[in-house]
Amino acid sequence: MHELSVTQSILEIALAHAKEAGANRILKVNLVVGELSGLVGEYIRFYFDFITKGTPAEGAELTIRHVPARFRCLDCGAEYEPGGDDWTCPHCGALRPIAVGGKELLVESIEVE
Ligand SMILES: [Zn+2]
């Protein structure tokens, strides 16, 4: 159910931007969702369609751009994108990654009229 609260925040951001822009209707919301965010795009889409009913965002298209995970190796400092479930550092073979990318959830842009 994590996606529901996330989707509510997305809608709040989109509505605030639309209001600032003096727009009556939101046509499109472009999201960036990181691979490590734990969020499922299909759930966000489902909740979005549901909670936008009766708001200026009703019927808006939701696009989701996925950002891959990105790690930094704590041993050698190299940054790398893990290959699937293999999170070992391709440079030194250590398994001491910290995530430096892929956790994001952002409203990248919205289109209004
Ligand atoms: Zn390394």
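Details of the structure are given in the entry above.
A short tour of the structure in this document, coming up. (Residues numbered from 1 in each chain as written. Predicted model: local features only at pLDDT ≥ 70, side-chain atom pairs only at ≥ 80, totals over all residues. Heavy atoms only, no water.)

Overview of the packing of aromatic side chains
Next up, step 1: Per the counting criterion, the structure on display carries 3 aromatic pairs.
Next up, step 2: With a centroid separation of 6.0 Å and an interplanar angle of 75°, the aromatic rings of phenylalanine 71 and tyrosine 80 are classed as edge-to-face. Take phenylalanine 71 and tyrosine 80: they sit in the same class, and that class is buried.
Next up, step 3: Judged by its relative accessible area of 3%, phenylalanine 71 falls in the buried class.
Next up, step 4: Aromatic ring contacts, followed pair by pair, group Phe71, Tyr80 and Trp87 into a single cluster. (Phe/Tyr/Trp six-rings, centres within 6.5 Å; stacked < 30°, edge-to-face > 60°. Buried < 20%, exposed > 50% of the residue type's maximum accessible area, 1.4 Å probe, protein only.)

Focus on the coordination of the zinc ion
Next up, step 1: Within the protein, the atoms that donate to the zinc ion are Cys73 (SG), Cys76 (SG), Cys89 (SG) and Cys92 (SG), at distances of 2.3 Å.
Next up, step 2: Around the zinc ion sit 4 donor atoms, and with donor-metal-donor angles ranging over 106 to 114° the site reads as tetrahedral.
Next up, step 3: Each donor residue of the zinc ion belongs to the same chain, and together they define the spacing C-x2-C-x12-C-x2-C.
Next up, step 4: With relative accessibility at 2%, the residue cysteine 73 sits in the buried group.
Next up, step 5: The class for cysteine 76 is partly exposed, based on a relative accessible area of 41%. (Donors = N, O, S within 2.8 Å, 3.2 Å for Na, K, Ca; no water. Tetrahedral: all angles 85-135°; square planar, octahedral: opposite > 155°, others 65-115°.)

Examining helix 1 (residues 2-20)
Side chains three or four residues apart in an α-helix point the same way, a direct result of the helix having 3.6 residues per turn.
Next up, step 1: The terminal C-alpha atoms of helix 1 lie 28 Å apart, and with 19 residues this matches the ideal 27 Å at 1.5 Å per residue to within 8%.
Next up, step 2: Among the residues of helix 1, Glu3, Val6, Thr7, Ile10, Leu11, Ala14 and Ala18 are the ones counted as buried. Seen along its axis, helix 1 keeps its buried residues to an arc of 140°; they face one direction. Exposed side of helix 1, more than 90 degrees from the buried face: Glu12, Lys19 and Glu20 are the residues found there.
Next up, step 3: Positive phi appears at glycine 22, one or two residues downstream of helix 1, with a value of about 70°. (Helix = DSSP H or I, 4+ residues; strand = E, 2+ residues; numbered from the N terminus. Expected span 1.5 Å × (residues − 1). Arc of directions from axis to C-beta.)

With respect to the pattern of salt bridges
Next up, step 1: With the rule as written, the count across this model stands at 7 salt bridges.
Next up, step 2: With its nearest N and O atoms 3.6 Å apart, the salt bridge here joins arginine 45 to glutamate 42. A residue pair is termed a helical-turn pair when its members lie 3 or 4 positions apart in one helix, as arginine 45 and glutamate 42 do in helix 2 (residues 41-51) at 3 residues.
Next up, step 3: Looking at arginine 45, the relative accessible area reads 29%, which means it is partly exposed. (Salt bridge = Lys/Arg side-chain N within 4 Å of Asp/Glu carboxyl O.)

Focus on the side chain of glutamate 3
Next up, step 1: Relative to the elements of secondary structure, glutamate 3 occurs in helix 1.
Next up, step 2: Salt bridges are absent for the buried glutamate 3, whose nearest opposite-charge side chain, arginine 45, sits at 12 Å.
Next up, step 3: A distance of 2.9 Å separates a polar atom in the side chain of glutamate 3 from the backbone nitrogen of valine 40. (Lys, Arg positive; Asp, Glu negative; His and termini not counted. Polar contact = N/O pair within 3.5 Å; in protein donor to acceptor, adjacent residues only side chain to side chain.)

Functional significance is not addressed by these values, which are geometric in nature.
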